Structures are given as structure tokens and as C-alpha cells.
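Summary of the model geometry
One-letter residues, chain by chain:
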Amino acid sequence: MSPSREDRQQVLARVDRFADLMDTSISVPFTRFQLGLEPLIGLVPGVGDAAGLVLSSYLLLEAQRAGAPFSLKMRMLANMGIDAVGGLLPVAGDLFDAWFKANTRNARLLRRWLYRETAAVEPRNTAWLPLLLALVLAGATAALLWQYAGGQLP
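Summary of the structure given here. Computed from a predicted structure; not experimentally measured. (Residues numbered from 1 in each chain as written. Predicted model: local features only at pLDDT ≥ 70, side-chain atom pairs only at ≥ 80, totals over all residues. Heavy atoms only, no water.)

1. Examining the packing of helix H1 (residues 5-24) against helix H3 (residues 48-66)
In contact at an axis separation of 11 Å, H1 and H3 are set at 165° when each is read in the N-to-C sense. Judged by the angle between their axes, H1 and H3 are roughly antiparallel. Crossing of H1 over H3 shows left-handed handedness. Facing H1, whose interface residues are Val11, Arg14, Val15, Phe18 and Met22, H3 presents Leu55, Ser56, Tyr58, Leu59 and Glu62. Across the contact of H1 with H3, the residue classes tally to 7 nonpolar, 1 polar and 2 charged. (Axes fitted to C-alpha atoms, helices over the stretch in contact; angles between N-to-C directions. Helix = DSSP H or I, 4+ residues; strand = E, 2+ residues; numbered from the N terminus. Parallel < 35°, antiparallel > 145°, perpendicular 65-115°, else oblique. Left-handed = near helix turned anticlockwise from the far one by under 90°. Contact = heavy atoms within 4.5 Å. Nonpolar A, V, L, I, M, F, W, Y, C, P; charged D, E, K, R; others polar.)

2. Description of a nonpolar patch on the surface
A cluster of nonpolar side chains, namely Leu21, Ile26, Leu37, Leu40 and Leu43, defines an oily patch on the protein surface of about 390 Å² accessible area. Examined against the element boundaries, leucine 37 turns out to sit in helix H2 (residues 37-41). On the basis of relative accessible area, leucine 37 is assigned to the partly exposed category, the value being 31%. (Patch = residues over 30% accessible without salt bridge, like charges linked within 9 Å, V, L, I, M, F, W, Y side chains within 5 Å. Areas by Shrake-Rupley, 256 points an atom, 1.4 Å probe, with all protein chains shown as cover. Salt bridge = Lys/Arg side-chain N within 4 Å of Asp/Glu carboxyl O. Buried < 20%, exposed > 50% of the residue type's maximum accessible area, 1.4 Å probe, protein only.)

3. Comments concerning unusual backbone geometry
Backbone geometry at phenylalanine 30 places phi at a positive 65°, although glycine is not the residue there. Of note, lysine 101 is a non-glycine position whose phi angle comes to about 55°, a positive value. Along the polypeptide, lysine 101 turns up in the loop between helix H5 (92-100) and helix H6 (102-121). Its relative accessible area of 16% is what places lysine 101 among the buried residues.

4. Considering the packing of aromatic side chains
Given two aromatic rings, their pairing is described by the distance between the two centres and the angle made by the two planes. Per the counting criterion, the structure on display carries 4 aromatic pairs. Between the aromatic rings of tryptophan 99 and phenylalanine 100, the centroid separation amounts to 6.2 Å while the plane-to-plane angle is 45°, which identifies the pairing as tilted. You can call tryptophan 99 exposed: its relative accessible area is 55%. An aromatic cluster is built from Phe96, Trp99 and Phe100, whose rings are joined through pairwise contacts. Its end group placed over the ring of tryptophan 99, arginine 105 keeps NZ or CZ at 5.9 Å from the ring centre. Arginine 105 extends its terminal NZ or CZ atom over the ring of phenylalanine 100, reaching a point 4.0 Å from the ring centre. (Phe/Tyr/Trp six-rings, centres within 6.5 Å; stacked < 30°, edge-to-face > 60°. Lys NZ or Arg CZ within 6 Å of the ring centre and 35° of its normal.)

5. Some remarks on the side chain of lysine 73
Considering the arrangement of structural elements, one finds lysine 73 in helix H4 (residues 70-87). A relative accessible area of 15% places lysine 73 in the buried class. What lysine 73 contacts, discounting residues up to four positions off in sequence, is Leu60, Ala63, Gln64 and Ala68.

6. Quick word on H3
Over its 19 residues, H3 extends 28 Å from the first C-alpha to the last, a length consistent with the 27 Å expected when each residue adds 1.5 Å. For H3, the full list of buried residues reads Gly48, Gly52, Ser56, Leu59, Leu60, Glu62, Ala63 and Ala66. Two residues or fewer past H3, glycine 67 is found with a positive phi of approximately 85°. (Expected span 1.5 Å × (residues − 1).)

7. Things to note about the environment of glutamine 9
Assignment of secondary structure puts glutamine 9 in helix H1. Taking the C-alpha atoms as reference points, glutamine 9 and tyrosine 115, 106 residues apart in sequence, are found 9.9 Å from one another.

8. Some remarks on the pattern of salt bridges
Going through the model one piece at a time under the given rule, you end up with 3 salt bridges. Two residues, arginine 14 and glutamate 62, come together in a salt bridge whose shortest N-O distance is 2.8 Å. Here arginine 14 is found in helix H1, whereas its partner glutamate 62 is found in helix H3, with 48 residues between them in sequence. Using a relative accessible area of 0% as the deciding quantity, one classes glutamate 62 as buried. One network of salt bridges, with partners in common, ties together Arg14, Glu62 and Arg65.

This is how it looks when you write it as C-alpha cells:
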């Protein structure tokens, strides 16, 4: 079942807060670059990257709760895997974590799916349909009359 508008907003608020905390909560002075807790956690030898991977799985849990399809969860897992493998490299891996921002990517994937899913379920404003139908019929009638008159203007 598709999430309601209120559920979607709650899920997105949680997901955005988490992604921001993990990927962009700290601004590097005198630059436009932002990083979060994940690259800092990755600095802890031996357990940092594993802890980052476990924490990142929270977004996957939110996707599961929201009823996301298998294909979306696989894309999210792929981002998590790329981030985890890239983070294994000494020093360069921590820089990769700060650049790749898997949590932000996964939050964006979930956001796109939630908006598409709820847009397909929510009723659309169709008040303009009668006007459009009237214009199409008037145009078709005018074209037929013009054709019947031999394409000549009076």
C-alpha cells in the first residue's frame, strides 16, 4: 500500500535529518564543502567503516517500512556497498566517504520514489478537463467547417 501524504512527509523528515547528520552536518571553514559523521566515524581503525555501514542501513529500514520496491532497495544497497568498499582504502577511503555521500544519495532515491508513488495515488486536479475538451471540440468543429467551406475564408 502506498504511503499517505502525511506518512511520506514523516518518512522524508526522518530520512533527511539522518542523511544530513551523516553526510553534510559539518561545514569545512572557508570552503563550500560539507561532511558529516560518517567520514569521521570511518577514521576509527578497524570498526569505523563497519559502524558507518550499520548506521547507513537505517535508510534501508525506512525504505522497507515505506513499502519501497525491491529494485529501489537494491540500488540503495549498491550505494552502501560502494561507500563501504571505497571507505576501506586507508586515508583515501575517508576522503571517498566524504565525497560519495551514500546516505544523501539513498535519501534522494527514496524521496523520488515516495513522490512518484504518492502522486500516482492522490487524486489529481481535473477541473481543467471540461475546458480542454470544449476547446478541442471547438477547434475540431472549426476545422471541419473550414474544410467543408472549401478552405476558403468568407
